[in-house]
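Observations on the model geometry
Next come the chains, spelled out residue by residue.
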Amino acid sequence: TASGADYYEWVADPTLSTLTSASTEASPTVTTMYYVKSRGGADDDLVINGTFSAGNTGFTTDGVFKTKSESMTYGTYSILHSTDERGWSGDESWQLSNQYDHTTGDETGMLMIFDGFSQPNKRIWEQTVDVQPNTSYVFSAWFISLLSSFETGSYTRFQFYVNGVQLGGVAESPHKEGLWGQYYEIWNSGSATKATLTIK
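Every value quoted in this text rests on a predicted model; they were computed, and no experiment measured them. (Residues numbered from 1 in each chain as written. Predicted model: local features only at pLDDT ≥ 70, side-chain atom pairs only at ≥ 80, totals over all residues. Heavy atoms only, no water.)

**Things to note about the overall build of the protein**
- Secondary structure summary: the protein contains 0 helices and 15 strands in total.
- When each of the 200 residues of the protein is scored for burial, the buried share is 34%.
- Carbon together with sulfur atoms contributes 47% to the accessible area of the protein, which is approximately 11,600 Å² in total. (Helix = DSSP H or I, 4+ residues; strand = E, 2+ residues; numbered from the N terminus. Buried < 20%, exposed > 50% of the residue type's maximum accessible area, 1.4 Å probe, protein only. Areas by Shrake-Rupley, 256 points an atom, 1.4 Å probe, with all protein chains shown as cover.)

Dropping the structure here:
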């Protein structure tokens, strides 16, 4: 188990259960030394309220905020504890239950819950941060699907942008309800002194 970073990369070995998580399980047949590389710790985070612990503040969105008691429809969102129950249109509801917030690992964490837009190119989340020129930065986010529509192929998809330019490919949620997925890309600031980070 490793800790203190946003991204982990274990040296490839067929006995490891995963290569990009903080914790992995090994089944060596001989004495073996394992190595892990990590990047980006919480102390280095430039994003304000990236864990949503301060609630509905510090970011811009094209979504409409809904309280816990209001039903959600396309283009709406809430900021909730990971164990809160949430209503949706059509009388559906979910409770994240034991799928705790990825940041804290327990029920104290907060989540941004978003019912996706029916139109393209809408901002789910956006924030502008100060950066140093000619410096490499990590843009990382964790996400999870809460409602199971996987049988129809309707997976959750995100696109990430820095200063209006798409960074990396399309991020897609794990194809199983209740599993966390991570988006991770490295961006170099070049001559820029500000970076507008956008998730659509």
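**Points about the environment of Tyr161**
- Inspection of the secondary structure puts Tyr161 in strand β11 (residues 160-162).
- Residues Tyr161 and Ala195, spaced 34 residues apart in sequence, show a C-alpha to C-alpha distance of 9.6 Å.
- When sequence neighbours within four positions are dropped, the list of residues in contact with Tyr161 reads Phe139, Gln166, Leu167, Thr196, Leu197, Thr198 and Lys200.
- A distance of 3.5 Å separates the side chain of Tyr161 from the side chain of Gln159, its partner in a polar contact. (Contact = heavy atoms within 4.5 Å. Polar contact = N/O pair within 3.5 Å; in protein donor to acceptor, adjacent residues only side chain to side chain.)

**Some details on the sheet that holds strand β7 (residues 110-115)**
- The strand order across the open sheet built from 3 strands is β3-β4-β7, with neighbouring strands paired in mixed fashion. Each end of this open sheet is capped by a strand with a single partner; those strands are β3 (64-65) and β7. (Pairing = 2+ DSSP bridges.)

**Examining unusual backbone geometry**
- The backbone of Asn49 shows a phi angle near 60°, a positive value even though the residue is not glycine.
- Looking at where Asn49 falls in the secondary structure, it is placed in the loop between β2 (36-39) and β3.
- You can call Asn49 buried: its relative accessible area is 12%.
- A positive phi angle, close to 55°, is found at Asn134, a residue other than glycine.
- Locating Asn134 in the fold gives a position in the loop between β8 (125-130) and β9 (136-144).
- Take Asn134: its relative accessible area is 63%, and that puts it in the exposed class.

**Remarks on the nonpolar core**
- Core analysis: the biggest nonpolar cluster contains 26 residues, and Met112, Trp125, Phe139, Phe160 and Trp187 have the highest contact counts within it.
- At the level of secondary structure, the elements contributing two or more residues to this core comprise β4 (76-81), β7, β8, β9, β11, β14 (180-188) and β15 (194-199).
- Take this core: its biggest share by element is 4 residues, from β9.
- Setting aside its immediate chain neighbours within four residues, Phe160 contacts Phe139, Ala141, Val165, Gln166, Leu167, Ala171, Tyr183, Thr198 and Ile199. (Core = buried A, V, L, I, M, F, W, Y, C linked by side-chain atoms within 4.5 Å.)

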